[in-house]
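Structural overview
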Amino acid sequence: MVNLIGTYECKVDAKGRLMVPSALKKQLAPMLQEGFVIKRAVFQDCLELYPMSEWNVLMGKMNGLNRFKKKNNDFIRRFTAGVKMVEVDSNGRLLIPKDLTAFAGIEKEIVLSSAINIIEIWDKDKYENTIEASSGDFAELAEEVMGNDEMDGIS
């Protein structure tokens, strides 16, 4: 299981390439050889970067869905729409495909935000607006999600 840490601000050049910050690149080092999958996020206007090992685990779960149910096929199709394999090049750059750049509204300044086992790639303004919009109810959300009495807790 991959556990990535950190939030990083960086820039995308005119070709859609970003220089992976060195602290993040160190964490990703064991995964660089396998490559990554980049896709549209389900709930937000951002992108998700999956190490190939994490993507394979997720695809294993999805492969268990019954394809004779229309909603499962529809879900698989929508979930995998626009999925691309990407690599970090020898200069430490990652190319974001143009269609995905357009989906996420990425222009120049971006945020790479770790989300446990994946990296979210955000347009900086959208990221800041999303964090600000959800800050007021975070305590309530944390209690609802993590305060389950059936769990042992994490703290």
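For the chain, the name recorded in an unreviewed UniProt entry is Transcriptional regulator MraZ, with Gramella jeungdoensis as its organism. Of the comments in the UniProt record for the chain, the one headed Subunit (unreviewed entry) reads "Forms oligomers." Looking at the Sequence similarities (unreviewed entry) heading of the UniProt record, one finds this comment for the chain: "Belongs to the MraZ family."

**Things to note about helix α2 (residues 52-63)**
The terminal C-alpha atoms of α2, which comprises twelve residues, lie 16 Å apart, in line with the 16 Å expected from a rise of 1.5 Å per residue. The complete set of buried residues in α2 reads M52, E54, W55 and M62. Along α2, the residues classed as buried sweep out an arc of 155° about the axis, all on the same side. Summarising the contacts, the buried residues of α2 are in contact with β3 (36-40), β4 (47-51), α3 (70-79) and β5 (84-86).

**Comments concerning empty space enclosed by the protein**
The tally for this structure, following the rule as stated, stands at one cavity of 30 Å³ or more. Size it by volume and the largest cavity reaches roughly 60 Å³. Residue lining of the largest cavity: L18, V20, L24, L28, F36, L49, V88, L94, L112, I119 and I121, and that is the complete set. Elements supplying a minimum of two residues to the lining of the largest cavity: α1 (22-28) and β8 (118-123). Looking at the lining of the largest cavity residue by residue, the class counts come to eleven nonpolar, no polar and no charged.

**Regarding the packing of α2 against α3**
Look at α2 against α3: their axes get within 12 Å of each other, and the N-to-C directions meet at 160°. Taken together, the axes of α2 and α3 are roughly antiparallel relative to one another. The interaxial crossing formed by α2 with α3 has left-handed handedness. For the pair α2 and α3, the contacting residues are W55, L58, M59 and M62 in the first and F75, I76 and F79 in the second.

**Points about the sheet that holds β8**
Strand pairing in a sheet relies on backbone hydrogen bonds, with the paired strands running either antiparallel or parallel. Taken in spatial order, the six strands make up an open sheet running β1-β7-β8-β4-β3-β5, and their pairing is antiparallel. Edge positions in the sheet fall to β1 (7-11) and β5, since each has one partner strand and no second. Averaged over all adjacent pairs, the angle separating strand axes in this sheet is 30°, with direction ignored. In this structure, β3 lies alongside β4, joined through five bridges in antiparallel fashion. Counted as the bridge partner of I38 is L49 from β4. Packing against the sheet, α2 makes contact with β3, β4 and β5, and its axis sits at approximately 100° to β4.

**Concerning the packing of aromatic side chains**
Applying the stated criterion across every chain, the model contains four aromatic pairs. For the pair W122 and Y127, a centre-to-centre distance of 5.8 Å together with 65° between the ring planes defines the contact as edge-to-face. An aromatic cluster is present here, built from Y50, W55, F75 and F79 joined pairwise through their rings. In this arrangement the basic side chain of K39 is found over the ring face of F79, its NZ or CZ atom lying 4.0 Å from the centre.

Conventions we followed
- Residues numbered from 1 in each chain as written.
- Predicted model: local features only at pLDDT ≥ 70, side-chain atom pairs only at ≥ 80, totals over all residues.
- Heavy atoms only, no water.
- UniProt positions renumbered as here; feature names shortened; annotations may be inferred.
- Helix = DSSP H or I, 4+ residues; strand = E, 2+ residues; numbered from the N terminus.
- Expected span 1.5 Å × (residues − 1).
- Buried < 20%, exposed > 50% of the residue type's maximum accessible area, 1.4 Å probe, protein only.
- Arc of directions from axis to C-beta.
- Contact = heavy atoms within 4.5 Å.
- 1 Å grid on protein atoms, 1.4 Å probe; cavity = no way out; pocket = protein on both sides within 12 Å on 5 of 7 lines; lining within 4 Å.
- Points joined across faces, edges and corners; volume = space filled by probe spheres on them.
- Nonpolar A, V, L, I, M, F, W, Y, C, P; charged D, E, K, R; others polar.
- Axes fitted to C-alpha atoms, helices over the stretch in contact; angles between N-to-C directions.
- Parallel < 35°, antiparallel > 145°, perpendicular 65-115°, else oblique.
- Left-handed = near helix turned anticlockwise from the far one by under 90°.
- Pairing = 2+ DSSP bridges.
- Phe/Tyr/Trp six-rings, centres within 6.5 Å; stacked < 30°, edge-to-face > 60°.
- Lys NZ or Arg CZ within 6 Å of the ring centre and 35° of its normal.

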